[in-house]
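The primary structure of each chain is shown beneath.
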Amino acid sequence: MNGTMMQGSLVLPSLLERAGKLFSKVEIVSRLPDKSLHRHTYGDFYRRARQLAEALQRAGLRRGDRVATLMWNHYAHLEAYFGVPASGGVLHTLNLRLHPDDLTYIVQHAEDRFLIVDDVLLPLFEQFKNRVSLERVFVVPLTGAPVPEGYENYEDFLATATGDFRYPDLDENEAAGMCYTSGTTGKPKGVVYSHRSLVLHSLASALVDTLAVSNRDTVLPVVPMFHANAWGVPFTATMVGAKQVFPGPHLDPVSLLDLFEAEGVTLTAGVPTIWLGIVQALEKEPDRWKLQPMRMAVGGSAAPEGLIRAMDRFGLRVVHAWGMTETTPLGTVSQVKATLRDWPEDRQYEIRAKQGLPVPLIEIRIVNDQGEAPWDGKTMGELQVRGPWVAASYYNRPESADSFTEDGWFRTGDVATIDPEGYMKITDRTKDLIKSGGEWISSVDLENALMGHPAVAEAAVFAVPHPKWQERPLAAVVLKAGASATEEELRAYLATKFAKWWLPDGFVFLDEIPRTSAGKFLKSSLRERFKNWVSEREGQGA
Ligand code: AMP
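Scoring rules and cut-offs
- Residues numbered from 1 in each chain as written.
- Predicted model: local features only at pLDDT ≥ 70, side-chain atom pairs only at ≥ 80, totals over all residues.
- Heavy atoms only, no water.
- Helix = DSSP H or I, 4+ residues; strand = E, 2+ residues; numbered from the N terminus.
- Polar contact = N/O pair within 3.5 Å; in protein donor to acceptor, adjacent residues only side chain to side chain.
- Phe/Tyr/Trp six-rings, centres within 6.5 Å; stacked < 30°, edge-to-face > 60°.
- Buried < 20%, exposed > 50% of the residue type's maximum accessible area, 1.4 Å probe, protein only.
- Lys NZ or Arg CZ within 6 Å of the ring centre and 35° of its normal.
- Expected span 1.5 Å × (residues − 1).
- Contact = heavy atoms within 4.5 Å.
- Axes fitted to C-alpha atoms, helices over the stretch in contact; angles between N-to-C directions.
- Parallel < 35°, antiparallel > 145°, perpendicular 65-115°, else oblique.
- Left-handed = near helix turned anticlockwise from the far one by under 90°.
- Nonpolar A, V, L, I, M, F, W, Y, C, P; charged D, E, K, R; others polar.
- Near = heavy atom within 4 Å.
- Areas by Shrake-Rupley, 256 points an atom, 1.4 Å probe, with all protein chains shown as cover.
- Pairing = 2+ DSSP bridges.
- Core = buried A, V, L, I, M, F, W, Y, C linked by side-chain atoms within 4.5 Å.
- Domains from an automatic or database assignment.
- 1 Å grid on protein atoms, 1.4 Å probe; cavity = no way out; pocket = protein on both sides within 12 Å on 5 of 7 lines; lining within 4 Å.
- Points joined across faces, edges and corners; volume = space filled by probe spheres on them.

Enquirer: Help me get a handle on the side chain of His-250, residues and values and all.
Expert: Mapped onto the elements, His-250 comes out in the loop between strand E11 (243-246) and helix H9 (253-263). A polar contact of 3.3 Å, which involves the side chain of His-250, links it to the backbone oxygen of Leu-32.

What follows is the structure, encoded as structure tokens:
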């Protein structure tokens, strides 16, 4: 027997329609390159997103055609988030931190037809423009300067719409968006999001036990809109009609804190590096900003426990989440269950520093050489996930089929444990694991602990080859400005928390840790640079 319910399609235009009809007066605020604020409303956004959809159709966009964006976080990018899928096209966000060679590969591989680009990013586009074949390029005049010869003005393009727009009859499984993973090895791989996956992901993200995004929030995604859809925040915030604030290209701690204060931000999202910078700014000038009680979704890399504690001291609550481009991205969120609320404070912090519980409709498991691992909080293995917003394949990449298991799970490449309460904890990336004498050492645990030391701004722990142990950990440390710590002090600090054989063989002090385009530690570069560290040290008679 079937249910007697309608077969409503889960498509993005229903979110856009709701936002336009119910929340037309709610504000959308964007910081422009010159730091001035651009303000408009959901009413303007609704009208302009539909204009974009109509203009694209008039320009000959066919169902499934890719429209690329090369843009910072701001109002026009939000228009593209909804206008492109509403036209039947596929929004393909390009990561502006990638090398022009990678961008060339990605635009060609995705067969992008049109591009919308910020005027301030034209110098980047011009580095690969002649290597790609885009039919039309629309420039968003963020600076107000005339659009250079040879390009079309985005505003003029919107003006080609007559207001007579009808949504195509979209199937919920049609492609709506696409994003390439910015992995540290191999060619970037494309993930294609369906309307259905984005709508379900928005619903799940808004839940009180996940990110709790509500109409009463003022939301500021620091995470770029070109990285895993800014974790879906713009879709979710639009669905609930929350005020949205976009930082444009200004992502330094002071600019962000100014914007949090001026616009009354209550929810934000970004990688730990951003928040480590914010904590330092707040510690330096604790009375400078009057902030609302804020929640900050932290993911992309592990949120160190020290960061969660430091934020709490300023009334800012870290919500630690894990996800990937392939998981749209929200997979797990670490909220303390009601049944654990009477656990001692230290244990609650320990839970909040884990990557968390799978969100509804997502399943997780740990698999190692012995098969599926028990949920004992100790046994490590590869984290595998499945659910309605988890990729089942990569776009046009049959050679990557081994990322998916025969029984329908996605192999994340992360190494994790799951405890008896169901909290998942990432211990490493498969390729970043340190295997010393056949035993695994978690680089993430060591670096998180190091980042809790008062003199340490950042730390990355990585494997160096060792003649006896195969591999040993080495720590690269960046000290806070004006702070000092010796190798012996740092080792003694770690010795209180870890078994002796886990302690790094050495500590190297650097000015900065190399990063990927997504702001994560680029450990492959550290491994390469220090690959002879053990033999060189022995050569020095150490
Ligand atoms: P991306 O697809 O660029 O978003 O990268 C996904 C990867 O980031 C995951 O496979 C993890 O290795 C890492 N990651 C994301 N969130 C976390 C987190 N909360 N803690 C540790 N690693 C994370």
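There's plenty left to go through after this.
Enquirer: Talk me through the packing of aromatic side chains; I want residue IDs and the actual numbers.
Expert: Within this structure, the stated rule accounts for 15 aromatic pairs. Ring geometry for Phe-45 against Phe-82: centres 5.6 Å apart, planes inclined by 80°, an arrangement best described as edge-to-face. Placement of Phe-45 in helix H2 (residues 42-58) and of Phe-82 in helix H3 (residues 75-86) is noted, with a sequence separation of 37 residues between them. With a relative accessible area of 1%, Phe-82 lands in the buried category. With a centroid separation of 5.4 Å and 70° between ring planes, the pair formed by Phe-82 and Phe-235 is classed as edge-to-face. Of this pair, Phe-82 sits in helix H3 while Phe-235 is found in helix H8 (residues 233-240), placing the two residues 153 residues apart along the sequence. Accessibility assignment for this pair places Phe-82 and Phe-235 in one class, buried. Members of the aromatic cluster, connected to one another through ring pairs, are Tyr-42, Phe-45, Tyr-81, Phe-82 and Phe-235. Note that Lys-187 overlies the ring of Tyr-105, its terminal NZ or CZ placed 5.0 Å from the centroid. When the ring centre of Tyr-394 is taken as origin, the NZ or CZ atom of Lys-189, which lies over that ring, is 5.1 Å away.

Enquirer: Which residues make up helix H10 (residues 272-284), and what values do they have?
Expert: Given a rise of 1.5 Å per residue, 13 residues ought to cover 18 Å, and the 18 Å separating the end C-alpha atoms of H10 matches this to within 8%. Regarding H10, the residues found buried are Pro-272, Ile-274, Trp-275, Leu-276, Gly-277, Ile-278, Val-279, Ala-281 and Leu-282. Where H10 is buried, its residues contact H9, strand E12 (267-270), strand E13 (294-298), helix H11 (305-313), strand E14 (316-323) and strand E24 (456-466).

Enquirer: Requested: an account of the environment of Thr-325, with residues and values cited.
Expert: Topologically, Thr-325 is positioned in the loop between E14 and strand E15 (330-333). Taking the C-alpha atoms as reference points, Thr-325 and Glu-261, 64 residues apart in sequence, are found 30 Å from one another. The residues contacting Thr-325, other than those within four sequence positions of it, are Cys-179, Thr-181, Val-191, Tyr-193, His-227 and Ala-228.

Enquirer: Now, about the packing of H11 against helix H12 (residues 345-353): what can you tell me, with residues and values included?
Expert: One can describe the packing of H11 onto H12 by two numbers: an axis separation of 9 Å at closest approach and a directional angle of 115°. As judged from the angle between their axes, H11 and H12 are roughly perpendicular. In terms of crossing hand, the pair formed by H11 and H12 is right-handed. Only Glu-345, Asp-346, Tyr-349, Glu-350, Arg-352 and Ala-353 of H12 make contact with H11, whose side of the interface consists of Glu-305, Ile-308, Arg-309 and Asp-312. Broken down by class, the residue content of the contact of H11 with H12 amounts to 3 nonpolar, no polar and 7 charged.

Enquirer: Tell me about the site of the ligand, and please be specific about residues and values.
Expert: In the region of the ligand, 15 residues are neighbours, and Ala-321, Thr-325, Asp-414, Arg-429 and Lys-520 sit closest. In the environment of the ligand, a nitrogen atom lies 2.9 Å from a nitrogen or oxygen atom belonging to the backbone of Gly-300. Relative to its free-state accessible area of 500 Å², the ligand is covered by the protein chains to the extent of 90%. Top contributing element to the shell around the ligand by residue count: E14, with 4 residues. Here the residues of the shell around the ligand are counted per class, giving 4 nonpolar, 8 polar and 3 charged.

Enquirer: Please give an account of the sheet that holds strand E3 (residues 66-70) that cites residues and values.
Expert: Pairing in this open sheet of 7 strands is mixed, and the strands run E7-E6-E5-E3-E4-E8-E9 from one edge to the other. Where the open sheet ends on each side, the last strands, each with one partner, are strand E7 (152-153) and strand E9 (190-194). Relative to E9, strand E8 (residues 175-180) is paired through 5 bridges, and the arrangement is antiparallel. Considered in E9, the bridge of Ala-175 is made with Ser-194. Its contacts with the sheet put helix H4 (residues 100-110) on E3, strand E4 (90-93) and E8, and the angle it makes with E8 is roughly 155°. Across the sheet, helix H7 (residues 195-206) is in contact with E8 and E9; its angle to E9 comes to roughly 75°.

Enquirer: Got a sec to walk through the nonpolar core? Specific residues and values, please.
Expert: Core analysis: the largest hydrophobic core is formed by 149 residues, its most contacted members being Phe-260 and Trp-275. Ranked by residues supplied to this core, first place goes to E24 with 8 residues. When residues of this core are assigned to domains, at least three fall in each of domain 1 (12-251) and domain 2 (432-539). In this view, Trp-275 contacts Val-222, Phe-260, Thr-268, Ala-269, Gly-270, Met-296, Ala-297, Val-298, Leu-307 and Met-311; residues no more than four positions away in its chain are not counted. In terms of nonpolar packing, the next biggest core, distinct from the first, is built from 27 residues, Leu-70, Leu-98, Leu-103 and Phe-125 among them.

Enquirer: Go over the layout of surface pockets, please, and point to the residues and values.
Expert: In this structure, the second largest pocket encloses a volume near 460 Å³. Of all the elements in the fold, those that place two or more residues in the lining of the second largest pocket are H11, H12, strand E21 (424-429) and helix H13 (443-450). The element that contributes the greatest number of residues to the lining of the second largest pocket is H13, accounting for 4 residues. For the lining of the second largest pocket, a count of residues per class yields 7 nonpolar, 4 polar and 6 charged.

Enquirer: Go over the packing of helix H1 (residues 12-22) against H7, please, and point to the residues and values.
Expert: Between H1 and H7, the shortest axis-to-axis distance is 8 Å and the interhelical angle comes to 50°. The orientation of H1 relative to H7 falls into the category oblique. Every residue of H7 that contacts H1 at Leu-12, Pro-13 and Leu-15 is listed here: His-195, Leu-198, Val-199 and Ser-202.

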